[in-house]
2 protein chains.
Amino acid sequence: MPGDLLLANARIVNVFTSEIEQGDVLVAEGHVAGIGAGYQASDVVDLRGAFLLPGFISGHTHPESSYLWLPQYASLVVSHGTTTVITDLHELVNVSGLAAVGRLLQDVERLPLEIFLMVPSCVPASDLETSGARVLSSDVADALQWPSVLGLGELMDYGGVIEGSSECLDKAVVALQAGKVIDGHAPGLTGHDLNAYLAAGAGSDHECTTLPEGRLKLQRGMRLMIREGTSEENLEDLLPLVTDATYPRCLLVVDDRSCRDLLRHGELDAVVRKAIRLGLNPIRAIQLATINPATYFGLRDHGAIAPGFVANMIVADDLADLRPRDVYHNGRLVASAGRCLSDPGSLGGENFSHTVRLNSLSERDFAIPGNGRRMRVIQVVPRQISTHQVLETVRSEDGYVVADTKRDIIRAAVIERHTGSGNIGVGLVQGFGLQRGALASTVAHDSHNLMIVGCDEADMHAAAQEIQRCGGGLAVVAEGRLLASLPLPIAGLMSPDSPEHVVSQLDVVEAAARGLGVTIPNPFAVLSFLALSVLPELRLTDKGLVDVRAKSLVPLAAD
Amino acid sequence: MPGDLLLANARIVNVFTSEIEQGDVLVAEGHVAGIGAGYQASDVVDLRGAFLLPGFISGHTHPESSYLWLPQYASLVVSHGTTTVITDLHELVNVSGLAAVGRLLQDVERLPLEIFLMVPSCVPASDLETSGARVLSSDVADALQWPSVLGLGELMDYGGVIEGSSECLDKAVVALQAGKVIDGHAPGLTGHDLNAYLAAGAGSDHECTTLPEGRLKLQRGMRLMIREGTSEENLEDLLPLVTDATYPRCLLVVDDRSCRDLLRHGELDAVVRKAIRLGLNPIRAIQLATINPATYFGLRDHGAIAPGFVANMIVADDLADLRPRDVYHNGRLVASAGRCLSDPGSLGGENFSHTVRLNSLSERDFAIPGNGRRMRVIQVVPRQISTHQVLETVRSEDGYVVADTKRDIIRAAVIERHTGSGNIGVGLVQGFGLQRGALASTVAHDSHNLMIVGCDEADMHAAAQEIQRCGGGLAVVAEGRLLASLPLPIAGLMSPDSPEHVVSQLDVVEAAARGLGVTIPNPFAVLSFLALSVLPELRLTDKGLVDVRAKSLVPLAAD
């Protein structure tokens, strides 16, 4: 019987044996049915000696970091050769809950790529903030039975896991009992702490930044996910760890990539190209992005071109500079010459809208009573997501704190936006460079409440109103006027617009911020981490100021 | 908190990185809890620099081939360092059914090793014989949910799978949908046939005998299980296939090993030693017997010494000649100096007894009417399990066929023994060398009916009665008298006696057969394959003579 598609005269990259084979590949019913010669199909494409390799498997990534709603994200990454994405959709779950994401997964078959879920293990990240959702271990047990779920997402609460006190640990036990894979997240852990953490079953780490750390994680049995994201670039540092003895246990991942990065440089294909440029054998680089993630995640019919495997494939003309020219998903041509061929569609994004629910606000809500006392100030650290706590005597007028732009100390506020409870935490932040106006964002890890920094109450209030108006997103306001915004109406995290449009809006928003004096490179990325109550040192949530090491709320006044 | 056991001053074989690490290994609750220094435990063993490596995982084996009941088998193989066995218990299921094996699996925790089941996919092997059980695809679906089941056992009916007509294929679909691993069995398959077979999802092959075949199987995505059994020795031929590019996808397996071989040479340890002797790097040889099977079968916490992994470990003094000195299972010392430390126990073997149910037999049942016509004769091929069909004019007396020992043509009979139906197939066989008396066995693949070869009706009848008396096994009879027997009362396949006892009985039985003129080396092994109705060319079952290529019963008379 003839098959559906014959890709003839290919140079097939064999990731099992690290060889290039000459031959034809037959596809039937979305799977590879044959390799060799003498096959017939209703549709024949002569590849004229072009390379044919397995589609890339993006083994650890957060699509929400792109600001792009899944169909637009899928169109973009599939045009770069990524045909399978493994993600915990952690941000979306924090806002809208696991059940909503479960319903979403029932529809992702419409996309030109596959999405597999790792059930997020830490929602909410802590009880020091109000989240939109809570995932219990019983929820995890249920979700692990969903067909597109591979395991448990990164165990971020490594402190709790080591102490044996974390709810996270219960979830790990549930996943182990179900025989599912568990992703780790263990920045800097070594020695007895690492061993204790590993007893919970984490099978991978994507947080390594140095050779000794990467080597140790490999020795202790973790798959080394070498991360090359928009902010964290670890490839060059870790690449020497990929040897004949270790390569089967190494993966390339992107973790977080901005829409700008995806559009201009690519997804996993950009990492593969860079690895090859840095000297890694091209077939090995491909293995780290195909068969290795497939093996780790137990996707037995993925990651290679072989009979019985899902026909996810990339055509490319050059392995030294590997640029996906044609991309096949389930045996169907879904992208060509860098463009996705299918209409992205909406995928029920409307089910994740109207997530910004604010109680009525007034300018007074942003006021901080001040009387010349020393106060705790969050100091941002350029190019890092950790913060410092500094104690400063802050300028005040008429009994209220005011911005001290000379010392770069401005105000910050986090407004609970999931239930409209009216919760608001106010604080002080140093390091943005903002001289006037306000910046606001509903992308604020991990609970994604409304985060605002600003020089005065009026603009902070106006920014909040603007965000409410567009259902979430990023906004820049000055003198009560909106200067620029990037609406993210889907969960307050993602936009239904095209990647090109979102990137241009982001350019405008960042330019507007710079126009108000902002000096740090990615102000909205920095803003998005100010509330992250599990990363040292001082954070602000809707419940107030958080001393992360003490795991408790602390007053603004330091004495 | 102190752990349960500290193995101090070890040279730890790290199968993740192919390194030897110096350090201590902490065990708690049956798992590795720490590696390094500074740990405390209630029990400390100073290894004084001995090597510590993961317990071996025997990834494809049939314990029934040892004639040893599981507790005795377990005691023996664990003393050789095998701490995990993956088997389809195909013979036991053929006799006693899947449900009985399922109940058995609930008790195997008492053994000093782990047993994981691959649900047998081809029970019965064909409808041309009467089996003790039938496994339907609905049974497979149920069994795949049992906790100790990893997947579907070897898809032996490759012809049916390729044609798409096999019930085997339905079972493969069930296993694929459940996300389980499927073992292959594809001797000599190449080209389009191999591709078609692989579409059913088989992930491994243990039947390769040549370099080109092994290379092709690797290229097409099958894990290469390099087999070194008692009859099939493929290690030396296939070892050149294990390279830097392929080793993650290669395994060492034993498939079938006799009790004699296990006792005198060992199990997987013997294969590892031989691989090292043939030049394979010792750590790599260990990987092929530990982490590689664990990875293939998705046993995420097996096959390595690492935090969170099951504490199955071997202590050895030399890697070049790797002999397990102490063996730990779940962190407990279970074997030392080649002896298992625990009493094997019975493990409910009595639930598999009384499986030889014969209708009342008379000598006349063995008679073959003969009148000088040409008849089909099964010709055994020395050192092979395939047979030839030859056409011979057979000696007869008084209208009945008699043995023609000069031309080495004797009689054979297969008596249905599961239901006592009275089914009996009679035929002729050439090549045993038997000059008088009869040999009988209830080990007769795959349905394990009672197989008898003999020179006259009286001895064949006596042999059947002897087998019935001891509830199954092997017997040698002459002049109506029992010369020797190896009782196998458990399913007619296995003995509850010690390996030493079984081997000495086997020696006696084989010597007795030689005393009757038998010239072939392993007469009971040859006997056991005479009924295998799926292997060319001519076979005998309880339903009669089977032309395997035609897949049909044929008359004894050839014209």
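The following refers to the structure shown. Given the structure is predicted, the values throughout are model-derived calculations rather than measurements.

Thoughts on the environment of Ala403(A)
Next, step 1: Along the chain, Ala403(A) falls in the loop between β21 (400-401) and β22 (409-415).
Next, step 2: Residues Ala403(A) and Leu428(A), 25 residues apart in the sequence, show an inter-C-alpha distance of 8.9 Å.

Here we look at the relation of the copies chain B and chain A
Next, step 1: Relative to chain A, chain B is turned by 180° and slid 0.0 Å along the rotation axis, the superposed coordinates differing by an RMSD of 0.1 Å. Look at the turn and shift together and you get a two-fold axis relating the two. Across chain B, the rotation axis passes nearest the C-alpha of Asp244(B), at a separation of 3.0 Å.
Next, step 2: When the interface residues of chain B are mapped onto chain A, 100% of them are again interface residues, pointing to one common binding face.

Things to note about the pattern of salt bridges
All names here are of chain A.
Next, step 1: If you walk through the whole model with that rule in mind, you get 53 salt bridges over all chains.
Next, step 2: Between lysine 217 and glutamate 213 there is a salt bridge, with the nearest N and O atoms lying 2.8 Å from each other. On the criterion of helical spacing, the pair formed by lysine 217 and glutamate 213 is a turn pair, its members being 4 residues apart in helix α8 (residues 211-219).
Next, step 3: Judged by its relative accessible area of 1%, lysine 217 is buried.

Description of the interface of chain B and chain A
Next, step 1: Taken together, the contact between chain B and chain A spans 39 residues of the former and 39 residues of the latter.
Next, step 2: Between chain B and chain A, the buried area comes to about 3100 Å², and carbon and sulfur atoms account for 47% of it.
Next, step 3: The largest per-residue losses of area from chain B upon contact with chain A belong to Phe16(B), Arg220(B) and Arg300(B), which jointly make up 20% of the total buried on that side.
Next, step 4: Taken together, the links from chain B to chain A amount to 2 salt bridges.
Next, step 5: A salt bridge links Arg220(A) to Glu21(B); the nearest nitrogen and oxygen atoms lie 2.9 Å apart.
Next, step 6: Across the contact surface, chain B and chain A share 18 residue pairs in polar contact (both at pLDDT 80 or more).
Next, step 7: Secondary-structure elements contributing two or more residues to the side of chain B that touches chain A are β2 (19-28), β3 (31-36), α7 (191-198), α8 (211-219) and α13 (291-297) of chain B.
Next, step 8: The greatest single-element share of the side of chain B that touches chain A, amounting to 4 residues, is contributed by α13(B).
Next, step 9: Among the residues making up the side of chain B that touches chain A, the classes are represented as 17 nonpolar, 14 polar and 8 charged.

Re unusual backbone geometry
Glycine aside, a negative phi is what most residues show, and trans is what most peptide bonds show.
Residue and element names in this part refer to chain B.
Next, step 1: Cis peptide bonds are those with omega within 30 degrees of zero, and the linkage from histidine 445 to aspartate 446 qualifies with -10°.
Next, step 2: As for its placement among the helices and strands, aspartate 446 is situated in the loop between β24 (438-441) and β25 (450-454).
Next, step 3: Between proline 536 and glutamate 537 the backbone carries a cis peptide bond, its omega angle lying at 15°.
Next, step 4: Along the chain, glutamate 537 falls in the loop between α16 (523-529) and β28 (538-541).
Next, step 5: Positive phi, normally seen in glycine, also occurs at glutamate 29, with a value near 50°.
Next, step 6: Turning to its location among the elements, glutamate 29 is positioned in the loop between β2 and β3.
Next, step 7: Phi is positive for tyrosine 67, which is not a glycine, with a value near 65°.
Next, step 8: Relative to the elements of secondary structure, tyrosine 67 occurs in the loop between β6 (56-58) and α1 (70-79).

Calculation rules
- Per chain, residue numbering runs from 1 following the sequence as it is written.
- Chains carry letters and ligands carry numbers; both start at the beginning, A for chains and 1 for ligands, and go up in the order they are written.
- Given that the model is predicted, a residue must reach a pLDDT of at least 70 before its local features are reported, and side-chain atom pairs must reach 80 or more before they are shown or counted; all residues, however, enter totals for whole chains, interfaces and linings.
- The basis for every side-chain value is the complete set of heavy atoms in the structure, and neither hydrogens nor water enter the calculation.
- A run of DSSP states H or I qualifies as a helix once it reaches four residues; a run of E qualifies as a strand once it reaches two. Both are numbered from the N-terminal end.
- When the copies are overlaid, the least-squares fit takes in C-alpha atoms only where the residue has pLDDT of at least 70 in both copies.
- Here a residue-residue contact requires only that any non-hydrogen atoms of the pair lie within 4.5 Å.
- By definition here, a salt bridge exists when the distance from a side-chain nitrogen of Lys or Arg to a carboxyl oxygen of Asp or Glu is within 4 Å.
- A 1.4 Å probe rolled over the protein chains alone gives each residue an accessible area, and that area as a share of the maximum for its type sets the label: buried under 20%, exposed over 50%, partly exposed in between.
- Defined in terms of a 1.4 Å probe, buried area is the accessible area two parts forfeit on being brought together, summed over both.
- Polar contacts, as used here, are pairs of N or O atoms within 3.5 Å; protein pairs need one atom able to donate a hydrogen and one able to accept it. Residues neighboring in sequence count only if both atoms are side-chain atoms.
- Three classes are used, and their members are as follows: Ala, Val, Leu, Ile, Met, Phe, Trp, Tyr, Cys and Pro are nonpolar, Asp, Glu, Lys and Arg are charged, and the others, Gly among them, are polar.

Shape descriptors only; they carry no functional weight alone.
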